[in-house]
Amino acid sequence: MALRASDVMVILSDPRTKPLEGRDYVRIQGVPEGAAARFLRDFFLFGSGAEHRAKRGMFARSFAHGAVRAAQPQIQAVARRIVAELPRGESFDFIDRMAARVPAEMIAAILGLPQSETSYFAPRVYAMSRAVSPVYPIDDHAEIETAVSELFRYVVDHMRIRSEQPRDDLLSRLVADWKDDPVITFSTLVHQVLGIIVGGTDTTRAAFAVLVSLLLQHPEQWTALRDDPSLIPGAVSEGLRYDPSVGSIVRFTNAPVEISGVELPAGVMLRISNMSAMRDPELYAEPDRFDIRRNDHPRLHPVFGAGAHRCIGEMLARIEMQEGLAALVAGAPAMELQTAPQLQGFGGLRQITPMQVIIR
């Protein structure tokens with residue numbers, strides 16, 4: 001496991017290392033054959049080279065900086081509506097009532113899925129995300145397999161409708177492009193959409209809940225945000241650093257490499273720890289202090305990775321969290337934390353526990 005920030009930030013873009021291929025993950029972890037194994041082998045996140053670039057490229061335009069900026073008023077409207085609908089004067093689970101809804105409803109809007117159906121696909125997404133962990137949770141396999149199978153059929157149904165009745169949405173464009181040049185199978189195309197839904201829904205849900213929890217545990221910083229909304233982007237960066245929803249990333253050495261004086265041969269599995277790197281005093285001053293005014297964040301935030309595999313949804317996640325936080329401090333300034341959530345696990349997509357709050 002690579003722990004130092006200097007090593008982590010170099011390894012992620014070092015050509016002598018490569019991501020864990022989906023087929024290797026399935027084999028090493030003993031994932032039973034079925035829908036989950038097929039997805040893990042096929043999604044572009046678990047690939048590399050030309051195939052990875054081709055699959056990822058299908059979504060690049062929709063998640064580019066300009067496209068996401070153009071969608072910001074829509075994200076803002078969604079966040080404000082959700083805050084307005086939150087209960088007042090009674091305890092509720094913040095994750096269910098807000099943190100989960102903003103990213104789910106926005107990824108649905110981008111793809112062209114009905115927002116009324118987010119309550120159908122979101123629980124299946126959370127079950128499916130457990131497949132991406134340092135050790136595949138074989139005891140949960142039946143639930144994961146069911147979730148992947150049901151989501152696969154759900155996406156197939158919507159894409160077939162778009163094939164017959166195109167609309168102005170991402171699913172329609174994907175189907176049209178595929179029909180014009182079917183360089184991948186239809187099943188592979190569906191798997192890419194599944195991965196985008198998972199990545200666009202689960203990680204932001206956890207990251208946003210943790211950010212709000214941290215701010216409520218530091219009331220002086222929550223008050224500062226209310227008084228000065230220009231601090232919001234920095235607060236988002238600090239929340240992503242302080243307790244990241246992606247704990248670590250796996251790399252394999254494909255050539256000899258030296259890390260902190262240790263010589264590693266080709267064929268070694270490395271786990272690159274975001275959690276450790278973002279508490280490294282060589283990168284951050286007083287790293288165990290939560291500070292929304294921190295000015296020593298790297299230009300490229302480490303939590304989103306680096307190189308060809310840097311998170312395609314980084315801009316969307318940032319704006320969702322920024323607009324969600326702006327809507328909260330304006331519309332629910334008297335929110336109080338009753339039960340803080342915890343991110344569990346040290347690798348892959350970390351799982352989050354419930355978060356209970358009340359708005360006075």
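Counting of residues starts from 1 at the beginning of each chain's written sequence and follows it residue by residue. Reporting of local features is limited, given that this is a predicted model, to residues whose pLDDT is at least 70; pairs of side-chain atoms are given and counted only at 80 or more, and all residues count toward the totals for whole chains, interfaces and linings. Excluding hydrogens and water, the side-chain figures rest on all heavy atoms present in the structure.

Caption draft 1: Representation of the sheet that holds strand E3 (residues 248–253) within the structure. Strand pairing is defined by DSSP finding a minimum of two bridges between the two strands. Per the convention used, a helix needs a DSSP run of H or I reaching at least four residues, while a strand needs a run of E reaching at least two, with both numbered from the N terminus. Strand order in the open sheet formed by three strands is E1-E3-E6, with antiparallel pairing between adjacent strands. The open sheet has two edge strands, strand E1 (17–19) and strand E6 (269–273), and neither has a second partner. The mean inter-strand angle of the sheet, taken between neighbouring strand axes irrespective of direction, is 40°. Alignment of E1 against E3, held across three bridges, turns out to be antiparallel. Looking at E3, one finds that Lys18 is bridged to Phe252. An axis is simply a line fitted to the C-alpha atoms; with a helix, the fit covers only the stretch in contact. Between two such axes, the angle follows the N-to-C directions and lies from 0 to 180 degrees.

Caption draft 2: Inspection of the packing of aromatic side chains at higher detail. Each aromatic pair joins two rings of Phe, Tyr and Trp (for Trp, the six-membered one) with centres within 6.5 Å, and gets the label stacked for planes under 30 degrees apart, edge-to-face for over 60, and tilted for any other angle. Under the criterion given, the structure shown has nine aromatic pairs. For the pair Phe94 and Phe208, a centre-to-centre distance of 5.9 Å together with 40° between the ring planes defines the contact as tilted. Of this pair, Phe94 sits in helix H7 (residues 94–99) while Phe208 is found in helix H12 (residues 186–217), placing the two residues 114 residues apart along the sequence. Neither Phe94 nor Phe208 differs from the other in exposure class; each is buried. Note on Phe121 and Tyr154: the rings are 6.2 Å apart at their centroids and 45° apart in plane angle, and the pair reads as tilted. Of this pair, Phe121 sits in helix H9 (residues 118–129) while Tyr154 is found in helix H10 (residues 141–164), placing the two residues 33 residues apart along the sequence. When sorted by exposure, Phe121 lands in the same class as Tyr154, which is buried. Burial here depends on accessible area, computed with a 1.4 Å probe over protein chains only, as a share of the maximum for the residue type. Under 20% is buried, over 50% is exposed, and the range in between is partly exposed.

Caption draft 3: Inspection of the pairing of E6 at higher detail. For E6, the tally of buried residues reaches four of five residues, placing the bulk of the element in the interior. Relative to E6, E3 runs antiparallel, the two being bridged by five bridges. For Ser248, the partnering residue across the bridge sits in E6 and is Ser273.

Functional significance is not addressed by these values, which are geometric in nature.
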